[in-house]
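Observations on the model geometry
Residue strings, one per chain:
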Amino acid sequence: MNTGFQQTRRAALTAAVAAALAACGGGGSGDGEAPAPVGQVINSTIKSASNGSTYPVQVFLPESYATGTATLPVIYATEGDAQYGGPNRSRFDTFKEVLQRRGTQAILVGIGGTAWRGTDFLMPGAAKYLDFLVKELAPAIERQYRADPKRRVLSGLSHGGYFVVAALILEARAGVPPSFSHYLSTECSVGEHTSPAGVLAFEKQIDGKPLPTTLLLAGASGGNHPLISIPLFNQMASQNLPGLVMLKAEYSTSHVGADVPAFEDALKRFFP
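Presented here is a report on the structure given in the accompanying data block. Quick caveat, the model's predicted, so the values are computed rather than measured. (Residues numbered from 1 in each chain as written. Predicted model: local features only at pLDDT ≥ 70, side-chain atom pairs only at ≥ 80, totals over all residues. Heavy atoms only, no water.)

**A word on the overall build of the chain**
Within the chain, the regular secondary structure consists of eight helices and eight strands. Residues classed as buried in the chain amount to 53% of the 272 residues present. Considering only contacts within the chain whose residues lie at least 6 apart along the sequence, 75% involve residues at least 24 apart. (Helix = DSSP H or I, 4+ residues; strand = E, 2+ residues; numbered from the N terminus. Buried < 20%, exposed > 50% of the residue type's maximum accessible area, 1.4 Å probe, protein only. Contact = heavy atoms within 4.5 Å.)

Here it is, written out as structure tokens:
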């Protein structure tokens, strides 16, 4: 991480953080409503040694972080800079607002670089992107913040949802324990495959592998996007994957519209 992380970390530990920084990403409400808890947003960049790309990174610390001492779970959201929430509202912004509204005590890490989704989320680039997340970004976050390495969540939508599944498969196939305690794959695409059958065949390679983690597969019944989350769930649930907790959800909405309800469901199920 660059020196901005060191400077802003010191700022995050001051009492002023708890009451300020609304302009830096806070969640004020409309007139006449009680303001939502604010917290702090820290902006930085990190250059990956794994693939050579430089990623903008946004970190949201909940309001209690500045005065607390507990380690917190960390949610790693791919495509943090994607404008899925509408003009001037990124995926990171939308997820941050959900955390603020619910009062969830978790750190949110929005990973930019949406322009490279066709490379980072699909094979063979997904392997290098996964190395970047687990060998570079997550350790840097855990050095800088009170982040619990045993409670990591990985979230992705569409190609990002495919990457979430691919990350699980790549590590299991290599005999490596899952790097995340929870995986949220929303509207998983077919990735580099030509059909859902290709995704199912890709996943089938890990039959019999231990997977001590939790996977939530979420999909949308509306729109024209191929719904593969349910057949993927059914296949994985029928396999021998010791330790894997399988969860599923389906929403009557659009492809992108499933992102927020899936995230809210994940918070309820992952952090009851």
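**Description of the packing of helix 6 (residues 196-204) against helix 7 (residues 229-238)**
Relative orientation of the contacting elements helix 6 and helix 7 amounts to 25°, with a least axis distance of 10 Å. Judged by the angle between their axes, helix 6 and helix 7 are roughly parallel. Considering how the two elements wind past one another, helix 6 and helix 7 form a crossing that is right-handed. Mapping the contact onto sequence places Leu200, Glu203 and Lys204 in helix 6 and Pro231, Leu232, Gln235 and Met236 in helix 7. By residue class, the composition of the contact of helix 6 with helix 7 is four nonpolar, one polar and two charged. (Axes fitted to C-alpha atoms, helices over the stretch in contact; angles between N-to-C directions. Parallel < 35°, antiparallel > 145°, perpendicular 65-115°, else oblique. Left-handed = near helix turned anticlockwise from the far one by under 90°. Nonpolar A, V, L, I, M, F, W, Y, C, P; charged D, E, K, R; others polar.)

**Concerning the sheet that holds strand 5 (residues 147-157)**
Ordered in space as 1-2-4-3-5-6-7-8, the eight strands form an open sheet in which the pairing is mixed. Looking at the sheet topology across the chains shown, the edges are occupied by strand 1 (40-47) and strand 8 (245-251). Averaged over all adjacent pairs, the angle separating strand axes in this sheet is 20°, with direction ignored. Where strand 5 meets strand 6 (residues 182-186), five bridges bridge the pair, whose relative direction is parallel. From the neighbouring strand, Leu154 faces strand 6, where its bridge partner is Tyr183. (Pairing = 2+ DSSP bridges.)

**Quick look at the side chain of His255**
Here His255 lies in the loop between strand 8 and helix 8 (259-270). Looking at His255, the relative accessible area reads 19%, which means it is buried. Within the structure, His255 has its side chain in polar contact with the side chain of Ser158 (distance 2.9 Å). A polar contact is formed between the side chain of His255 and the side chain of Glu187, at a distance of 2.8 Å. (Polar contact = N/O pair within 3.5 Å; in protein donor to acceptor, adjacent residues only side chain to side chain.)

**Focus: unusual backbone geometry**
Residues Met123 and Pro124 are joined by a peptide bond in cis, for which omega reads 5°. Following the sequence through the fold, Pro124 ends up in the loop between helix 3 (117-120) and helix 4 (125-144). Positive phi is not limited to glycine here, since Glu79 has a value of about 55°. As for its position among the elements, Glu79 is in the loop between strand 3 (72-77) and helix 2 (91-102). Phi at Glu187 takes a positive value of approximately 50°, unusual for a residue other than glycine.

**A look at the packing of aromatic side chains**
Applying the stated criterion across every chain, the model contains 13 aromatic pairs. Ring geometry for Tyr76 and Phe180: centres 6.0 Å apart, planes at 75°, overall edge-to-face. Here the residue Tyr76 occupies a position in strand 3, and Phe180 occupies one in the loop between helix 5 (159-173) and strand 6, the gap between them amounting to 104 residues. Grouping aromatic residues by their ring pairs yields a cluster made of Tyr55, Trp116, Phe121, Tyr129, Phe132 and Phe163. Over the ring of Tyr65 we find Arg146, and its NZ or CZ is 4.1 Å from the ring centre. (Phe/Tyr/Trp six-rings, centres within 6.5 Å; stacked < 30°, edge-to-face > 60°. Lys NZ or Arg CZ within 6 Å of the ring centre and 35° of its normal.)

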